[in-house]
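Structural overview for review
What follows is the residue order along each chain.
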Amino acid sequence: MYQALRPSRSEFVPVRNLRYHVRLWGEPSPARPPLVLLHGWMDVAASWQFVVDALAEARWVLAPDWRGFGLTDGGGVDNYWMPDYLADLDWLLDHYAGDTPIDLVGHSMGGNIAMQYSGVRPRRVRRLVNLEGFGMAPLRADEAPARFGKWIDQLKRLHRGEMGLATYPEAGGVARRLMKTNPRLTQDKADWLAAHWSVARRQPDGREAWEILGDPAHKIINANLFRVDETLALYACIAAPLLAVEASDDSLGRWWKGGYTLADYHERLKTVPDARVACVEDAGHMLHHDQPARVAALIDAFLAG
């Protein structure tokens, strides 16, 4: 199993009636701002371990488990909304950073949150790194009726117990699933991640099974349409320099098959006042697992610039 070079510690922080789990590395220093790492959908804060180990120097790093992921409470809700993540992050920064501007890095959903938050609270972010947080494909207004109907139907399926996550007889099953999803993931890293992505729990039939630490309610679509104009308005308010990092594998090309492309994403990035793009070769969407040393080197160089 992978051996962490810079072990983390856990803290639990009260955030908006939730018990938020935060993973921390290093200690605060007046010489450098806090580095805050935001994980993606169906991921956990521990997923950043490989990048933290590859950073050139030890520094104070914070990574929350988003609400309903990892060890953070979900609050008993049956669906999740983007604005909640923005507010949760603001609460966490009040606690850990106060008025000190932070360096902010987000992956996938976490990258989308980082981009939006940096537009909402531009003074709180010194430097911004977005790893494959592409936003969403545009939706038309006339798609709203069907989307609301789909949202309601999915809620009913969830409450009938039809949207549960798969369970596994042992942690090795979780590791194999991770490697199947990401063929570049090595066995040692998969075994390490499995121990943080899942937990063994007694099932109703008495058997023990490993459950993914993610609330199935995260699978419910967002009822509201994604608005490109709203996103661009947020991007335009970003004051921090932005490094947008993408993997050499074209995730967008596989997800939307031409409906939303890298060229479209790059066009959106032109709205950010100070943005540059970098690419990590031999990597897919989970580039922080595939090439953690290269990702860490990009982060180090950008934050030092």
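Data block above holds the structure.
Calculation notes
- Residues numbered from 1 in each chain as written.
- Predicted model: local features only at pLDDT ≥ 70, side-chain atom pairs only at ≥ 80, totals over all residues.
- Heavy atoms only, no water.
- Pairing = 2+ DSSP bridges.
- Helix = DSSP H or I, 4+ residues; strand = E, 2+ residues; numbered from the N terminus.
- Contact = heavy atoms within 4.5 Å.
- Axes fitted to C-alpha atoms, helices over the stretch in contact; angles between N-to-C directions.
- Buried < 20%, exposed > 50% of the residue type's maximum accessible area, 1.4 Å probe, protein only.
- Right-handed = clockwise from strand over helix to strand, strands pointing away.
- 1 Å grid on protein atoms, 1.4 Å probe; cavity = no way out; pocket = protein on both sides within 12 Å on 5 of 7 lines; lining within 4 Å.
- Points joined across faces, edges and corners; volume = space filled by probe spheres on them.
- Nonpolar A, V, L, I, M, F, W, Y, C, P; charged D, E, K, R; others polar.
- Expected span 1.5 Å × (residues − 1).

1. Things to note about the sheet that holds strand S8 (residues 198-202)
Sheets are built from strands paired through backbone hydrogen bonds, the pairs being either parallel or antiparallel. Judged by pairing direction, the sheet is antiparallel, and its three strands sit side by side in the order S7-S9-S8 without closing on themselves. The strands lining the two open edges of the sheet, one partner per strand, are strand S7 (167-168) and S8. Note that S7 and strand S9 (residues 208-212) share two bridges and pair antiparallel. Across the sheet, residue Tyr 168 finds its bridge partner in S9, namely Trp 210. Against the sheet, helix H6 (residues 187-197) engages S8 and S9, with an angle of about 50° to S8.

2. Some thoughts on the pairing of strand S5 (residues 102-107)
Along S5, six of the six residues are buried, which leaves the element largely enclosed by surrounding structure. The alternating pattern of S5 places Ile 102, Leu 104 and Gly 106 and Asp 103, Val 105 and His 107 on opposite faces, both of which are buried. The pairing of S5 with strand S6 (residues 125-131) spans six bridges and is classified as parallel. Its bridge partner lying in S6, Val 105 is registered against Val 129. What joins S5 to S6 is helix H3 (residues 109-120), and the crossover it makes is right-handed.

3. Focus: empty space enclosed by the protein
Per the counting criterion, the structure on display carries two cavities of 30 Å³ or more. Contributing to the lining of the largest cavity are Val 22, Val 36, Leu 62, Pro 64, Leu 89, Leu 92, Leu 93 and Tyr 96. Put simply, the parts of the chain that give the lining of the largest cavity at least two residues each are strand S4 (61-64) and helix H2 (82-96). Looking at the lining of the largest cavity residue by residue, the class counts come to eight nonpolar, no polar and no charged.

4. What to know about H2
A rise of 1.5 Å per residue sets the reference length of H2, with its 15 residues, at 21 Å; its end C-alpha atoms lie 22 Å apart and thus fit the reference within 8%. Inspection of H2 places Asp 84, Tyr 85, Leu 86, Asp 88, Leu 89, Asp 90, Leu 92, Leu 93 and Tyr 96 among the buried residues, and these make up the whole buried set. Lining the buried residues of H2 we find strand S1 (9-15), strand S2 (18-25), strand S3 (35-38), S4, S5 and H3. Positive backbone phi, at 60°, marks Gly 98, one or two positions downstream of H2.

5. Remarks on the sheet that holds strand S10 (residues 242-247)
With mixed pairing, eight strands are arranged side by side in an open sheet as S1-S2-S4-S3-S5-S6-S10-S11. Each of the sheet's edge strands pairs with one partner strand only, and the pair in question is S1 and strand S11 (275-280). Across the sheet, the mean angle separating the axes of adjacent strands is 25° when strand polarity is ignored. Bridge count for S2 against S4 is four bridges, and the pairing is antiparallel. Its bridge partner lying in S4, Arg 23 is registered against Ala 63. Its contacts with the sheet put helix H9 (residues 262-269) on S6, S10 and S11, and the angle it makes with S10 is roughly 175°. Helix-sheet contacts for helix H11 (residues 292-304) involve S3, S5, S6, S10 and S11, and the interaxial angle to S6 is about 155°.

6. Comments concerning the side chain of Asp 90
Of note, Asp 90 is situated in helix H2. Among all residues touching Asp 90, those that are not within four sequence positions of it are Tyr 117, Arg 121 and Arg 124.

7. Some thoughts on the pairing of S9
Each regular strand carries side chains that alternate between the two faces of the sheet. Across five bridges, the pairing between S8 and S9 is antiparallel. Looking at the pairing, Arg 201 lines up with Ala 209 of S9. Counting the residues in the hairpin turn of S8 and S9 gives five residues, including Gly 206, whose phi is positive at 95°.

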